[in-house]
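If you want the building blocks of each chain, they are given just below.
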Amino acid sequence: MNWRAVFAIVRKDLKIVLQNKGVLIPIILVPLILFGLLPWISALAPSMVNMGGTSLDEIATLIAQMPVGLRTELAPYTLEQQSIVFFLVYMLAPMFLIVPLMVASVIAADSFAGERERRTLESLLYSPTSDRELFIAKLLSSWLAAIVVALAGFLLYVIMANAAAWSTLGRIFFPNWMWIVLVLWVSPAAAGLGLSTMVLVSGRAQGFQDAYQTGGAVVLPILLLMFGQLSGAMYFSIWVVFFIGLILWVIDIALIWFGSKIFRRGRLIARL
Amino acid sequence: MSATVIHVENLTRRFGDNIAVNDLSFEVKAGEVFGFLGHNGAGKTTTVRLLNGVLEAHSGSMRVLDLDPLHDGPSLRARTGVLTESASVENRLTARDNLLIYADLFGVPREKIPARVSELLDFFGLSEHAEEKVEGFSTGMRQRLALARTLLHDPEVLFLDEPTAGLDPIAANQVNELIANLSAEKGRTVFLCTHNLVEAQKLCDRVVVMEHGKLAAIGTPLDLMQQYVRRLDVDIEVAPDQLDIALDALSSASSLTRGLSRQVNGKLTQTVTGRDAIPSLVNLLVQKGIHVYHIAAHQPSLEDVYFALHREKEALQ
């Protein structure tokens, strides 16, 4: 494996992404809103609810509909603390997965379909790399970027969630082990899902926008997880999170295997 | 005798019903500037893709630098440099970054990269724009940058697809000199795809003329001219008072001439059937008592070869 060539392509792709506002803005903005702003809104929500003349009873009713496991985990807290932990730790957990998925999708769309649109793919096909090396390089650039953004977002979230909840909880309560599994096991798989879907979509897309819009449907499983948890049908326990990760990894492997079969120089150059 | 660098035998590549390259056979020797001429869609770009292992052939065989392009693609491409028809440089990166990344990609020793990049930027007159993004570059600047990128790893065989397209005459001349030097001084083999027949005639040791994916002719430019140019313009200067007699004599020699003579500034220009017709024509004029002061054949060009082949093809169809 020619790793030097692989990382040269990764470096090229990432440098190009950093120069593209259309790609860079969502990559920065979405994590900032999710991990910087949302913790404060969630932490301040209970007091705002009280100010509005209603009580925390509505949140208590919502929590009462949740699975037993979640209620047990929330039991040691006061009702106001429960509402914060419920939102910051459990409700926002599926949303965390949107970030690696979105970052990987955007960069993969730019790296695969965008490169063809910019007519720069041909010179890359004449490089001393095998089809496999080229494919791995393209995957790595979007995957590594997604992991870095997800980890940075997680660190931001740790700071913001604890800061926002400090007045109510009076201690560092976040992250718990479920989040560690989510960040280290599930979010790389979510990134893999985003990029592998985009690899398949990019093969037929006309350009970056086309690929990104078509591949946007990949976010649907994450929305399902969010609604599943909000409705009380499930909750993000360590084991549930572990199995979600396992399923995503299996899907990733299948999609990447299929993507590698269609990622052939001859096929790519014939479409230029 | 130079070693064979490219060996192609009965190579065929189809795209659906269209045969892009049809039973193509030729050899290129080390250090040659080998011209690959043809109209759009003649199969030039497809051949370059096949020879670099980017595209798979449907039949036939090929060896480049003694490697099989399809199976040894990465090793082969590390030793070749390809300038594609459209200068596909990264618009969002600076000129220097474009070269730095590709130097790394092509395995140029790390300690040599900065000097090599600066040397090429300087050679192609891009040093002043090295830190500028390529999106602001003119077509000519992009083409020069793409050429610099092609040369980064000092390839043994260069595939240049229309290297002077979009360049001003001075830059085009500089590129032509570079191609000549690469071959003459560094022993590099250059596979030059071009429409520019004047350029090909000036630069190429041998040329192939392609017609709809098939090899129509191969040889040195001189061989091809002698072989295919069957009409030649000849300037004839005779005694001024014998112009009318000379015109009559020429119009009667239909086996040697094509069309009527043109008279410009007291000189006659006559299209003849070929070089072999010139002595017979002089003999005829002298026999008629005409004083021939000067006779000169216009040198045929590859353009004449190209059109002669094209006419031949059309006549066959």
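Here the structure is a predicted model, which means the values were calculated and not measured. (Residues numbered from 1 in each chain as written. Chains lettered and ligands numbered in written order. Predicted model: local features only at pLDDT ≥ 70, side-chain atom pairs only at ≥ 80, totals over all residues. Heavy atoms only, no water.)

1. A few points about the overall build of chain B
Formally: Helix numbers and strand numbers start at the N terminus; a helix is a DSSP run of H or I with at least 4 residues, a strand a run of E with at least 2. Any residue under 20% of the maximum accessible area for its type is buried, any over 50% is exposed, and the rest in between are partly exposed; the area is computed with a 1.4 Å probe on protein chains only. Contacts are residue-level and defined by heavy atoms, with any inter-residue pair within 4.5 Å sufficient. The Shrake-Rupley method, run with a 1.4 Å probe sphere, supplies the accessible areas, and residue values consider only the shown protein chains as cover. Charged residues are defined narrowly, with Lys and Arg counted positive, Asp and Glu counted negative, and His plus the chain ends left uncounted. The atoms used to mark charge sites are NZ of Lys, CZ of Arg, CG of Asp and CD of Glu.
Helices and strands together make up the secondary structure of chain B, namely eleven helices and 13 strands. Here the C-alpha coordinates of chain B stretch approximately 80 × 45 × 40 Å along the principal axes. Relative to its full complement of 317 residues, chain B shows a buried share of 51%. Taking all contacts inside chain B whose residues are at least 6 apart in sequence as the whole, residues at least 24 apart take part in 67%. When the accessible surface of chain B is split by element, carbon and sulfur atoms take 48% of a total near 14,400 Å². In chain B, which carries 31 positive and 42 negative side-chain charges, the distance between the mean positions of the two groups comes to 3 Å.

2. Regarding the nonpolar core
Heads up, the rule is: Within this scheme, the nonpolar core is defined by two criteria: the residues are buried Ala, Val, Leu, Ile, Met, Phe, Trp, Tyr or Cys, and they are joined through side-chain atoms within 4.5 Å.
Among the nonpolar cores identified, the biggest contains 171 residues, and W179 of chain A together with I6, F26 and F191 of chain B are the most heavily contacted of them. The dominant element in this core, judged by the number of residues it contributes, is helix α6 (residues 93-117) of chain A, at 16 residues. Aside from chain neighbours lying at most four places away, what touches W179 of chain A is L88, V89, L92, A93, F96, F154, Y157 and F174 of chain A. Counting 17 residues, the second largest nonpolar core, distinct from the first, contains V234, V238, L243 and L285 of chain B.

3. A closer look at the sheet that holds strand β11 (residues 257-264) of chain B
All names here are of chain B. How we decide: A pair of strands is considered paired only if DSSP assigns at least 2 bridges between the two. All axes here are fitted lines through C-alpha atoms, helices being fitted over the stretch that makes contact, and every angle between N-to-C directions spans 0 to 180 degrees.
The strand order across the open sheet built from four strands is β11-β12-β10-β13, with neighbouring strands paired in antiparallel fashion. Edge positions in the open sheet fall to β11 and β13 (292-297), since each of these has one partner strand only. With direction set aside, neighbouring strand axes in the sheet form an average angle of 20°. When β11 meets strand β12 (residues 267-272), the two strands line up antiparallel, connected through five bridges. Counted as the bridge partner of V264 is K267 from β12. Strands in contact with helix α10 (residues 277-287) are β10 (232-238), β11, β12 and β13; relative to β13, the strand with the most contacts, it is inclined by about 165°.

4. Side note on the interface of chain A and chain B
Here is the rule: Two parts placed together each lose some accessible area; with a 1.4 Å probe, that loss summed over both constitutes the buried area. Whenever a carboxyl oxygen of Asp or Glu lies within 4 Å of a side-chain nitrogen of Lys or Arg, that contact is scored as a salt bridge. Under the convention adopted here, Pro, Cys and the residues Ala, Val, Leu, Ile, Met, Phe, Trp and Tyr are nonpolar, Asp, Glu, Lys and Arg are charged, and Gly plus all remaining residues are polar.
Contacts between chain A and chain B engage 28 residues on the former and 32 residues on the latter. Each partner contributes to the roughly 2,700 Å² buried at the junction of chain A and chain B, and carbon and sulfur atoms together form 58% of this total. Together, R4, Y126 and P128 of chain A form the three largest contributors to the area buried by chain A at its contact with chain B, with a combined 30%. Linking chain A with chain B are seven salt bridges, by the criterion used here. Among the elements of the structure, α1 (3-18), α6, α7 (121-125) and α13 (265-270) of chain A are those that each provide at least two residues to the side of chain A that touches chain B. Each residue belonging to the side of chain A that touches chain B can be placed in one class, and the counts come to ten nonpolar, eight polar and ten charged.

5. Notes on the confidence of the model for chain B
Residues and elements named next belong to chain B. This is how it is decided: pLDDT is defined as a per-residue confidence score from the predictor, taking values between 0 and 100.
The predicted model of chain B has a mean per-residue pLDDT of 87, with 99% of residues at 70 or higher. Within chain B, no element has a lower average pLDDT than helix α11 (residues 302-316), which sits at 75, and none a higher one than helix α3 (residues 95-105), at 95. Predicted complex metrics record ipTM = 0.82 and pTM = 0.82.

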